Amino acid sequence: MVRKSHPNSARLNNMLRKKLVEANDVMIEAESSSRAFNSNDIKRKIKGSEGGSFYSLAEERIKRKRSEGVYSVAGPEQSILNNIKKFHGSKDLNFDEITFSFIQKFKTYCKSVLKHKSSRTITNHLIFIRTVYNTALKEGLAKEEDYPFAGENEKIRLKRSMKIGLTKVEIQRIENLTLKPGTSVWHARNVFLFSFYFAGIRISDVLKMKWSAVEDNRLYYVMNKNEKVNSLKIGDKAQGILDLYANNGSGLSDFIFPDLKKSNPNDPEDIFIKSKTATKRFNKHLKNIAKLAGIDKNLSNPIARHSFGNISGDKIHPLMLQKLYQHSDLKTTINYQANFINKDADDALDEVIG
């Protein structure tokens, strides 16, 4: 406490008592809650009324994502945080500083300085800010009345992207291309088709597959995104691709495809980086494959999944598609498949126009 001889001792001591009460309240909450509190949590709780640190909470989130091995989230979010720091130009950023005006200026900065042409890229920046802000509200580090995404403030709207898949004829053109075995473009074609043959398994999951996943003419794999286990029959075409790589090492612990063979199996981040590098390389070759096959579509790795959806259309029951896509929610499957079902709309137009 401040000595009484100090001219402002009464006011300062009242302030200290108030802070002590706040600290005790947090301690009581910690003792009565199932959530584990540490000293940093208590510090943030007490400072929350003065405006918690956005940077600190954001960095904690990114660090946690890295420790969980979710590098596909940690990497992009770190880039977004770096952009926010460049824009703000200060050592710290409190939540009460993130106002509607702040967000509007940041959006302009993204367009004019960072040269983000895609509205989705800017939206991803705002989603990150909102996610961290929501965490701050839950932890008492920010005030509800300051929330810049409520009411008439900033509204984040995700535009529905148009998903275009290949037709059965276009897939056949890719299959029939004569490519020199062992070349990078030949390998990119094989990985793309392998993904398509199994309902569009994500390329990152394809590259992580080991020969142990192949058993009794079935493919067993775990989807990295939601850790769901799936088992699918290996058809003749998929088996043909597996046969092409059988001599590269058929040990159960060996990767089926060679892209991760030089990665450190005990380092998830190294595997992620090499998978991402391979994916970029495949996308580059797929553009060339599209030209060779006479396909006037922007061919990339996700198109394998879109193509399966386009060709299946409304022929397969949504519940079966949900299983094949490994969606947690049937609504996700229905919304995804709606991109490729045009028959009803086409029939309606024909009824009117003829």
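Just above sits the structure.
About the cut-offs
Residues numbered from 1 in each chain as written. Predicted model: local features only at pLDDT ≥ 70, side-chain atom pairs only at ≥ 80, totals over all residues. Heavy atoms only, no water. Axes fitted to C-alpha atoms, helices over the stretch in contact; angles between N-to-C directions. Helix = DSSP H or I, 4+ residues; strand = E, 2+ residues; numbered from the N terminus. Parallel < 35°, antiparallel > 145°, perpendicular 65-115°, else oblique. Contact = heavy atoms within 4.5 Å. Nonpolar A, V, L, I, M, F, W, Y, C, P; charged D, E, K, R; others polar. Pairing = 2+ DSSP bridges. Core = buried A, V, L, I, M, F, W, Y, C linked by side-chain atoms within 4.5 Å. Buried < 20%, exposed > 50% of the residue type's maximum accessible area, 1.4 Å probe, protein only. Patch = residues over 30% accessible without salt bridge, like charges linked within 9 Å, V, L, I, M, F, W, Y side chains within 5 Å. Areas by Shrake-Rupley, 256 points an atom, 1.4 Å probe, with all protein chains shown as cover. Salt bridge = Lys/Arg side-chain N within 4 Å of Asp/Glu carboxyl O. Lys, Arg positive; Asp, Glu negative; His and termini not counted. Charge placed at Lys NZ, Arg CZ, Asp CG, Glu CD. Phe/Tyr/Trp six-rings, centres within 6.5 Å; stacked < 30°, edge-to-face > 60°. Arc of directions from axis to C-beta. Left-handed = near helix turned anticlockwise from the far one by under 90°.

1. Quick word on the packing of helix H3 (residues 54-67) against helix H6 (residues 119-138)
Line of reasoning, step 1. Their axes nearest at 10 Å, the elements H3 and H6 cross at an angle of 100 degrees. By the angle class used here, H3 and H6 are roughly perpendicular. Judged by residue contacts, Phe-54, Leu-57, Ala-58, Arg-61 and Ile-62 of H3 engage Phe-128, Ile-129, Thr-131, Val-132, Thr-135 and Ala-136 from H6.
Line of reasoning, step 2. Classifying every residue of the contact of H3 with H6 gives 8 nonpolar, 2 polar and 1 charged.

2. A short note on the sheet that holds strand S3 (residues 229-233)
To summarise the sheet geometry, strands pair through backbone hydrogen bonds and adopt either a parallel or an antiparallel arrangement.
Line of reasoning, step 1. Spatially, 3 strands are ordered S1-S2-S3 in an open sheet, and the strand pairing comes out antiparallel. Of all the strands in the sheet, the pair left with one neighbour each is strand S1 (214-215) and S3.
Line of reasoning, step 2. Pairing geometry for strand S2 (residues 218-222) and S3, over 5 bridges, is antiparallel. Looking at the pairing, Tyr-220 lines up with Ser-231 of S3.

3. Focus: the nonpolar core
Line of reasoning, step 1. Within the largest apolar cluster, 51 residues are counted, with the highest numbers of intra-cluster contacts made by Ile-174, Phe-192, Phe-194, Leu-219, Phe-257 and Leu-299.
Line of reasoning, step 2. Taken together, the elements giving at least two residues each to this core come down to helix H7 (168-175), helix H8 (184-197), helix H9 (203-208), S2, helix H10 (236-244), helix H11 (268-292), helix H12 (303-312) and helix H13 (318-325).
Line of reasoning, step 3. Filtering out sequence-adjacent residues up to four positions away, Leu-219 remains in contact with Phe-194, Phe-198, Ile-201, Met-209, Ala-213, Val-214, Asn-230, Ser-231, Leu-232 and Ile-234.
Line of reasoning, step 4. Listed in part, the 30 residues of the second largest apolar core include Leu-81, Phe-102, Cys-110 and Val-132.

4. Observations regarding a negative patch on the surface
Line of reasoning, step 1. A cluster of like negative charges, contributed by Asp-92, Asp-96, Glu-97, Glu-144, Glu-145 and Asp-146, occupies part of the molecular surface.
Line of reasoning, step 2. Tracing the backbone through its elements, the reader meets Glu-97 in the loop between helix H4 (71-88) and helix H5 (100-112).

5. What to know about unusual backbone geometry
Line of reasoning, step 1. Positive phi outside glycine occurs at Ala-199, with the angle close to 65 degrees.
Line of reasoning, step 2. Within the fold, Ala-199 resides in the loop between H8 and H9.
Line of reasoning, step 3. Of note in this structure, Asp-216 is not a glycine but carries a positive phi near 50 degrees.
Line of reasoning, step 4. Position of Asp-216 among the secondary structure elements: in the loop between S1 and S2.

6. Quick look at a nonpolar patch on the surface
Line of reasoning, step 1. Together, Met-1, Met-15 and Leu-16 make up an exposed nonpolar region whose accessible area comes to about 330 Å².
Line of reasoning, step 2. Take Met-15: it is sitting in helix H1 (residues 9-32).
Line of reasoning, step 3. Owing to a relative accessible area of 47%, Met-15 belongs among the partly exposed residues under this scheme.

7. What to know about the packing of aromatic side chains
Line of reasoning, step 1. Overall, the coordinates contain 17 aromatic pairs when judged by the stated rule.
Line of reasoning, step 2. An angle of 70 degrees between the planes, with centres 5.7 Å apart, marks the rings of Phe-54 and Phe-95 as edge-to-face. One end of the pair, Phe-54, is in helix H3; the other, Phe-95, is in the loop between H4 and H5, with 41 residues separating them in the sequence.
Line of reasoning, step 3. For the ring pair Tyr-147 and Phe-149, a centre distance of 5.6 Å and an interplane angle of 65 degrees mean the geometry is edge-to-face.
Line of reasoning, step 4. Accessibility expressed as a relative area gives 13% for Tyr-147, which makes it buried.
Line of reasoning, step 5. Put simply, the rings of Phe-54, Tyr-55, Phe-95, Phe-128, Tyr-133, Tyr-147 and Phe-149 touch in pairs and so form one group of aromatic residues.

8. Things to note about the pairing of S2
Line of reasoning, step 1. Side-chain alternation along S2 places Leu-219 and Tyr-221 on a buried face and Arg-218, Tyr-220 and Val-222 on a face that remains uncovered.
Line of reasoning, step 2. With 2 bridges connecting them, S1 and S2 associate as antiparallel partners. Pairing of Glu-215 across the sheet is with Arg-218, part of S2.
Line of reasoning, step 3. Hairpin connection between S1 and S2: a loop of 2 residues separates the two successive antiparallel strands, and Asp-216 in this loop has a positive phi of roughly 50 degrees.

9. Thoughts on H7
Line of reasoning, step 1. Among the residues of H7, those classed as buried are Glu-170, Ile-171 and Ile-174. Buried residues along H7 cover an arc of 100 degrees about the axis, so they all sit on one side.
Line of reasoning, step 2. The inward-facing, buried residues of H7 abut H8, H11 and H12.

10. Re the packing of H7 against H8
Line of reasoning, step 1. The interhelical angle for the contact between H7 and H8, taken along N-to-C directions, is 140 degrees, at an axis separation of 11 Å. Our pair here, H7 against H8, has a crossing hand that is left-handed. Counting all contacts with H7, which are made through Ile-171, Ile-174 and Glu-175, the residues of H8 involved are Arg-189, Phe-192, Leu-193, Phe-196 and Tyr-197.
Line of reasoning, step 2. Of the residues assigned to the contact of H7 with H8, the class counts are 6 nonpolar, no polar and 2 charged.

11. Concerning the side chain of His-187
Line of reasoning, step 1. Mapped onto the elements, His-187 comes out in helix H8.
Line of reasoning, step 2. A relative accessible area of 10% means that His-187 is categorised as buried.

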